[in-house]
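Fold and contact review
These are the residues of each chain, in order.
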Amino acid sequence: MAAHPTVHAHYGEYREEKDVGFKLLALFLGLAVGILGMVAVWMGISAQNARDDARAAAKAAPTATTSMPGMAMPSSAEGARPTPSFAGIAPANADALAAAHKAYPAALPATTPGPVLNVHIGINHRVLSIAPGIKYEAWTFDSGVPGPVIHARQGQTVRVTLTNHAPMPHSVDFHAARVAPNKDFVDIMPGKSFTFSFTAGDPGVFMYHCGTKPVLAHIANGMYGAIVVDPSNPNLLPPVHHAYVLVSGEWYLNAPGNKKPASLDMVKAHQMTPDWVTWNGYAAQYVKHPLTAHPGHTVRFYVVDAGPSIDTDFHVVGTVLERAWLDAAVTDPPLHNIQTATVPAGGGGIFDVNITKPGLYPFVTHSFASVDMGAVGLLNVGDVSGTMSH
Ligand SMILES: [Cu+2]
């Protein structure tokens, strides 16, 4: 009997921030990157106007809500109004909170030997920090967003056991699997476990997510993650010095989230107007906690766009993508010298850069509205000090 190694993810402790920020009542509006004061003032005025509009609309036509916890979803979309934008809201001590935040570990975990990769994932509802001082009532695979990064080898059997600790049905849909969805991507009732297996037959990086209806809500609430499948032919993805996994996701808030946790605004989700867009669940976390590389070493980014709805236009400022494998088509040869690569919602891409000059290299989606909402990080090449001036 072959040993069946097990992947356990422990993402519990680093998500929580102390509530020191909430003791400071003096909050101000500002962009997460904290540079555009004028815009912040304008946003404050706009937000106030929008808030007034929303209040007036609410008085005129109150909307019913479902009883589903964690969701502020109108029973009918007709006439429903979104809450105003809460993009960029930050407490006065946002910088300190960002520094104290423990960044999601982006480094690709090691593979596991043996023919079977056992993956145990618990499903939970819990409050997470998604930006400095901003809390959200998330639905999670294990205890963070994204869920644990799974690293399989082509040909390996991935045996997934889900245990639902949440008070509503959830499920999982692996884009790397070729299985009958009605048999394996089934709803798991509260308190129940479910196990299914698939062969990791296709190399690449793939999304997984909850597939329970409404799927938009389950993904928007944080139920997504990435699985990397190494090709059995190692020449298809040559070895590199550094490998990082970045999952883009949008957050749609029904409240600012700075005084009490926000939850989902389904109207905003339908309108695709997020408040925050994040790499690995937390706005701009790799600006304060940059990913690292040595000059002249090759860095590989495994990028998944979890959406739920907005594409990622992956770009590394100050270099070109030397090699690119688009949407998990691990072809030989790869594409070369790409400036910006689209990663569609629900898709993935693998991108290699090789940077010789020490410095700070931002990685972004070049859809810059998303950058202002948090979809930016830094690659620190050569352990340089300082920060970005823009
Ligand atoms: Cu779910």
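The structure this text deals with has already been given above.
What comes next is a walk through the structure. (Residues numbered from 1 in each chain as written. Predicted model: local features only at pLDDT ≥ 70, side-chain atom pairs only at ≥ 80, totals over all residues.)

The helix and strand inventory of the protein stands at eight helices and 24 strands. Burial analysis of the protein (390 residues in total) assigns 46% to the buried set. (Helix = DSSP H or I, 4+ residues; strand = E, 2+ residues; numbered from the N terminus. Buried ≥ 20, exposed ≤ 12 C-beta atoms within 10 Å, placed from the backbone.)

Ile130, Ala226, Ile227, Val228, Val245, Tyr302 and Leu379 are the most contacted members of the largest nonpolar core, which totals 99 residues. Per-element accounting of this core gives the leading share, seven residues, to strand β5 (residues 116-131). (Core = buried A, V, L, I, M, F, W, Y, C linked by C-beta atoms within 7 Å.)

Right, let's talk about the environment of Leu216 for a bit. Of note, Leu216 is situated in helix α5 (residues 215-220). The spatial distance from the C-alpha of Leu216 to the C-alpha of His270 is 8.3 Å, given a sequence separation of 54 residues. Excluding residues that lie within four positions of it along the chain, Leu216 makes contacts with Ala269 and Pro308. (Contact = placed C-beta atoms within 7 Å.)

Attention shifts here to the sheet that holds strand β15 (residues 276-279). Consider a sheet: its strands pair through backbone hydrogen bonds, and that pairing is either parallel or antiparallel. If you trace the six strands from one edge of the open sheet to the other, you get β15-β13-β17-β22-β19-β20, paired in mixed fashion. Two strands bound the open sheet, and with one partner strand each, they are β15 and β20 (335-338). Between one strand axis and the next, the sheet turns through 25 degrees on average, direction left out of account. In the sheet, strand β13 (residues 242-251) pairs with β15 via four bridges, with the strands oriented antiparallel. Within β15, the position partnered with Trp251 by the bridge is Trp276. (Pairing = 2+ DSSP bridges. Axes fitted to C-alpha atoms, helices over the stretch in contact; angles between N-to-C directions.)

It is worth spelling out the pairing of strand β24 (residues 376-381) at this point. Of all six residues making up β24, five are buried, and the element is well covered by its neighbours. Note that strand β16 (residues 291-293) and β24 share three bridges and pair parallel. For Thr292, the partnering residue across the bridge sits in β24 and is Asn380. Relative to β24, strand β23 (residues 359-365) runs antiparallel, the two sharing six bridges. Bridge pairing in β24 places Leu360 opposite Asn380.

What follows covers the sheet that holds β16. Taken together, the five strands give an open sheet; going across it, the order is β16-β24-β23-β18-β21, and neighbouring strands pair in mixed fashion. Each of the sheet's edge strands pairs with one partner strand only, and the pair in question is β16 and β21 (341-343). Across the sheet, the mean angle separating the axes of adjacent strands is 25 degrees when strand polarity is ignored. Across three bridges, the pairing between strand β18 (residues 312-316) and β23 is antiparallel.

By themselves, these figures tell us nothing about what the structure is for.
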